[in-house]
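Analysis of the macromolecular model
One letter stands for each residue in the lines below.
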Amino acid sequence: MKKRMISLCMAALFTFLAAGCGSQAASSHQPASSSLSASSAPAASSAPASSQSAPAALEDGFYTADFETDSSMFHVSEACDGKGTLTVKDGQMTIHISLTSQNILNLYPGTAEDAQKEGAEILEPTLDIVTYEGGLSEEVNGFDVPVPALDENFPLALVGTKGKWYDHQVMVSNPEKIS
């Protein structure tokens, strides 16, 4: 319960810091074209992404950043305009993303096969509230995803309400410092 409360507080902080997230109407969102695909993605380690560090050029702090996926069914909320809040601390990067619903229950930084192994560190959701331009608010699942590197595809598996794990490739790019 304490961990969930801390996650909710952090989600609220990230939502406040990512000022652009709640300012886009769902009707104004156009899906970004993505060059991500499983066949074109570079081979990636199935080890959790949190063990790698941020580029030296990106200083500690908060950034908005693009979060692209290889699927039209798995993406950030339209209210967030394809972006999440990237946190860099002590050389480690994590992006907080607010999804489109509560139908994705967990994420795993690696493959679907590895996510199902004993001891896998599954990412738990936070309950995020996104607000569209017209004022409509919605509760959605959010996640803090470890980012191994910017501008490179990395594996991120998900499990939904049907209980089946799916492999995806994602990319975080275009960080802009939040002042």
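Look above for the structure.
These remarks concern the structure in this document. (Residues numbered from 1 in each chain as written. Predicted model: local features only at pLDDT ≥ 70, side-chain atom pairs only at ≥ 80, totals over all residues. Heavy atoms only, no water.)

**Looking at the overall build of the chain**
Just so we agree on the cut-off: What counts as a helix is a DSSP run of H or I of at least four residues, what counts as a strand is a run of E of at least two, and both are numbered from the N terminus. Only protein chains enter the accessibility calculation, which uses a 1.4 Å probe. A residue is then buried if its area is under 20% of the maximum for its type, exposed if over 50%, and partly exposed in between. The criterion used for residue contact is that any of the two residues' heavy atoms lie within 4.5 Å.
In terms of regular secondary structure, the chain is built from two helices and 10 strands. Ordered by position in the sequence, the α and β elements of the chain form the string α-β-β-β-β-α-β-β-β-β-β-β. Counting all 179 residues of the chain, 42% fall into the buried class. The long-range share in the chain, meaning contacts at least 24 apart out of those at least 6 apart in sequence, stands at 68%.

**Comments concerning the sheet that holds strand 3 (residues 92-98)**
Remark on secondary structure: sheet strands pair via backbone hydrogen bonds, oriented parallel or antiparallel. Applied cut-off: Two strands make a pair as long as DSSP finds a minimum of two bridges between them.
Spatially, 5-6-3-2-1-10-7 is the arrangement adopted by the seven strands of the open sheet, whose pairing is antiparallel. Of all the strands in the sheet, the pair left with one neighbour each is strand 5 (126-131) and strand 7 (154-155). Pairing analysis gives six bridges linking strand 3 to strand 6 (residues 137-147), with the strands arranged antiparallel. Counterpart to Ser98 in the pairing with strand 6 is Gly142.

**So, unusual backbone geometry**
Positive phi, normally seen in glycine, also occurs at Asp81, with a value near 55°. Residue placement: Asp81 occurs in the loop between strand 1 (61-69) and strand 2 (83-89). Positive phi, normally seen in glycine, also occurs at Asp90, with a value near 50°. Tracing the backbone shows Asp90 in the loop between strand 2 and strand 3. By relative accessible area, Asp90 is classed as exposed at 63%.

**Quick notes on the sheet that holds strand 8 (residues 157-160)**
Read across the sheet, three strands follow the order 4-8-9 without closing on themselves; strand pairing throughout is antiparallel. For this open sheet the edge positions go to strand 4 (104-108) and strand 9 (165-166), each flanked by a neighbour on one side alone. In this structure, strand 8 lies alongside strand 9, joined through two bridges in antiparallel fashion. In the strand pairing of strand 9, Val159 is matched with Trp165.

**Side note on the pattern of salt bridges**
What counts, and what does not: Put simply, a salt bridge is a Lys or Arg side-chain nitrogen that is within 4 Å of an Asp or Glu carboxyl oxygen.
Going through the model one piece at a time under the given rule, you end up with three salt bridges. Among the ionic pairs, Lys177 bridges to Glu59, the shortest N-O distance being 3.4 Å. Here the residue Lys177 occupies a position in strand 10 (residues 169-177), and Glu59 occupies one in the loop between helix 1 (2-17) and strand 1, the gap between them amounting to 118 residues. Residue classification places Glu59 among the exposed positions, given a relative accessible area of 51%. We note a salt bridge from Asp66 to Lys83, for which the minimum N-O separation is 2.5 Å. Taken together, the positions of Asp66 in strand 1 and Lys83 in strand 2 put the pair 17 residues apart, joining distant regions of the chain. Residue Lys83 is classed as partly exposed on the basis of its relative accessible area of 27%.

**Concerning the pairing of strand 3**
The buried fraction of strand 3 is high, at five of seven residues. Pairing analysis gives five bridges linking strand 2 to strand 3, with the strands arranged antiparallel. Looking at the pairing, Thr85 lines up with His96 of strand 3. Between strand 2 and strand 3, which follow one another and run antiparallel, lie two residues, and Asp90 among them has a positive phi close to 50°.

In short, geometric facts, not functional conclusions.
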